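# Structural overview
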Amino acid sequence: MSDQKISVGASISESYKFLMGHMPHFFRLMYGPLILWVSVKLGEQILAREYGIQINGNNILHLFTAAFAIVWYRQFLLGSDYASYRLMLKKGFSGSHFTLQRAWRAALRITIITLVLLVPTLLVSMGMMIYFAQQGVQFSDELIQDLAIKSTFIVMVIFSPILVRLSLYTAGFALGRTSLSFKQLWQQTRGYTATLWLVAIRGFLPLSLYNYCLTWFLNIAMARMAAHYIISTIVVETLAAFLTFMMLAIVVAANAEAFRVLIGVRQGDAPHRTDSGRRREDVATSKVSGQAV
């Protein structure tokens, strides 16, 4: 483990500076997922209002945000030449070809993480449903959905100290670090739970609240102007998506810096940083000189 220490304030400040200094790359990586986000939300509204079909596209939106997060890790640690969706779809980030073993290991890890979160969520939901049933409450689809949301929130808060440590695995995945295990990650983040948690909260909370307040006011404004639902959906969801991807860029950059300090980058993984914490954009130079990054 590196002898360097993680500073919550310095990590968040660095992530904001990186975003402000790389806005063209942010827009390059963000506009595709943003268009897809708005399209999904618009499709929800059209199906519901015109055809009476209710769908929930949030799981699809999670795919867009996850894809953006991974390429922004690459942008922060490797540079723009290595941050693209085309590269992710073509070869994956390890640069090796698809194999059944790799697919099985990835599916197993996803399944384990899902079960770790799903089982407690179901237990909390069942407990809440039993309590309300004993109070004589009549269940409806809306109430069940509300209980599911609250249960998920409770479980996420309870498991957040664990999740913030395991979240660094995403940085390793983005670098193609297939040898990084959860055990190694757990060992090298020992003693940094509170710091990583505070970094995540500082990066996530301000823009999340800003996003909530702005979209809430915008929804009210659109309703008062009697705007057509298509126009209203496009305007509100464009703002919501933009602020969500900006929040992700902040959190991901802070997380990537924590990965660099606690886990470390290797020759062939990512360009190192100078002592001042400023990023060395030496990818283009390495191409000219013929040296591997």
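Residues numbered from 1 in each chain as written. Predicted model: local features only at pLDDT ≥ 70, side-chain atom pairs only at ≥ 80, totals over all residues. Heavy atoms only, no water.

### Concerning the pattern of salt bridges
Counted under the stated rule, the structure contains three salt bridges. Two residues, Glu 44 and Lys 41, come together in a salt bridge whose shortest N-O distance is 3.3 Å. Taken as a pair, Glu 44 and Lys 41 lie in helix H2 (residues 23–51) at a separation of three residues, close to a single helical turn. (Salt bridge = Lys/Arg side-chain N within 4 Å of Asp/Glu carboxyl O. Helix = DSSP H or I, 4+ residues; strand = E, 2+ residues; numbered from the N terminus.)

### Description of the packing of aromatic side chains
On inspection of all chains with the given rule, the structure shows 13 aromatic pairs. Summarising the aromatic geometry, the rings of Phe 26 and Phe 27 are spaced 5.7 Å apart at their centres and angled 70° between planes, so their arrangement reads as edge-to-face. The partly exposed category is assigned to Phe 27, whose relative accessible area is 39%. Here the aromatic rings of Trp 37 and Phe 245 are separated by 5.9 Å at their centres, their planes lie at 70°, and the arrangement is edge-to-face. Taken as a pair, Trp 37 in helix H2 and Phe 245 in helix H10 (residues 229–262) lie far apart in primary sequence, 208 residues in all. Residue Phe 245 is classed as buried on the basis of its relative accessible area, which comes to 0%. Three or more aromatic residues link up through ring pairs in this structure, and these residues are Phe 18, Phe 26, Phe 27, Trp 37, Phe 68, Trp 72, Phe 76, Phe 242 and Phe 245. The positively charged end of Arg 165 is found above the aromatic ring belonging to Trp 186, 3.6 Å away from the centroid. (Phe/Tyr/Trp six-rings, centres within 6.5 Å; stacked < 30°, edge-to-face > 60°. Buried < 20%, exposed > 50% of the residue type's maximum accessible area, 1.4 Å probe, protein only. Lys NZ or Arg CZ within 6 Å of the ring centre and 35° of its normal.)

### Observations regarding a nonpolar patch on the surface
Taken together, Trp 197, Leu 198, Ile 201, Phe 204, Leu 205 and Leu 209 make up a surface patch of nonpolar side chains, about 510 Å² in accessible area. For Leu 209, the position within the fold is in helix H9 (residues 193–224). On the accessibility criterion, Leu 209 (49% relative accessible area) is partly exposed. (Patch = residues over 30% accessible without salt bridge, like charges linked within 9 Å, V, L, I, M, F, W, Y side chains within 5 Å. Areas by Shrake-Rupley, 256 points an atom, 1.4 Å probe, with all protein chains shown as cover.)

### With respect to helix H6 (residues 141–166)
The largest bend along H6 reaches roughly 65° and is located at Ser 160, with the proline Pro 161 sitting one to four residues downstream. Within H6, burial applies to Leu 143, Leu 147, Ser 151, Val 155, Phe 159, Ser 160, Val 164 and Arg 165. (Bend = angle between axes of the 7 residues up to and from the residue.)

### A look at the packing of helix H1 (residues 8–21) against helix H3 (residues 58–77)
As a packed pair, H1 and H3 sit with axes 12 Å apart at the nearest point and diverge in direction by 90°. As judged from the angle between their axes, H1 and H3 are roughly perpendicular. Contact with H1, carried on its side by Glu 14, Phe 18 and Leu 19, involves Trp 72, Gln 75 and Phe 76 of H3 and no other residues of that element. Partitioned by chemical class, the residues of the contact of H1 with H3 number four nonpolar, one polar and one charged. (Axes fitted to C-alpha atoms, helices over the stretch in contact; angles between N-to-C directions. Parallel < 35°, antiparallel > 145°, perpendicular 65-115°, else oblique. Contact = heavy atoms within 4.5 Å. Nonpolar A, V, L, I, M, F, W, Y, C, P; charged D, E, K, R; others polar.)

### Concerning unusual backbone geometry
In this structure, Ala 226 is a non-glycine residue whose phi angle is positive, near 55°. The topology assignment puts Ala 226 in the loop between H9 and H10.

### Details of H9
Here H9 is 32 residues long and its end C-alpha atoms lie 46 Å apart, about the 46 Å a rise of 1.5 Å per residue gives. If you look at H9, its biggest bend is around 25°, right at Leu 205, and the proline Pro 206 turns up within four residues after that. Taken together, the buried positions of H9 are occupied by Thr 195, Leu 196, Val 199, Gly 203, Leu 207, Ser 208, Asn 211, Thr 215 and Met 222. On the buried face of H9, the contacting elements are H1, H6, helix H7 (168–174) and H10. Ala 226 sits one or two residues past H9 and shows a positive phi near 55°. (Expected span 1.5 Å × (residues − 1).)

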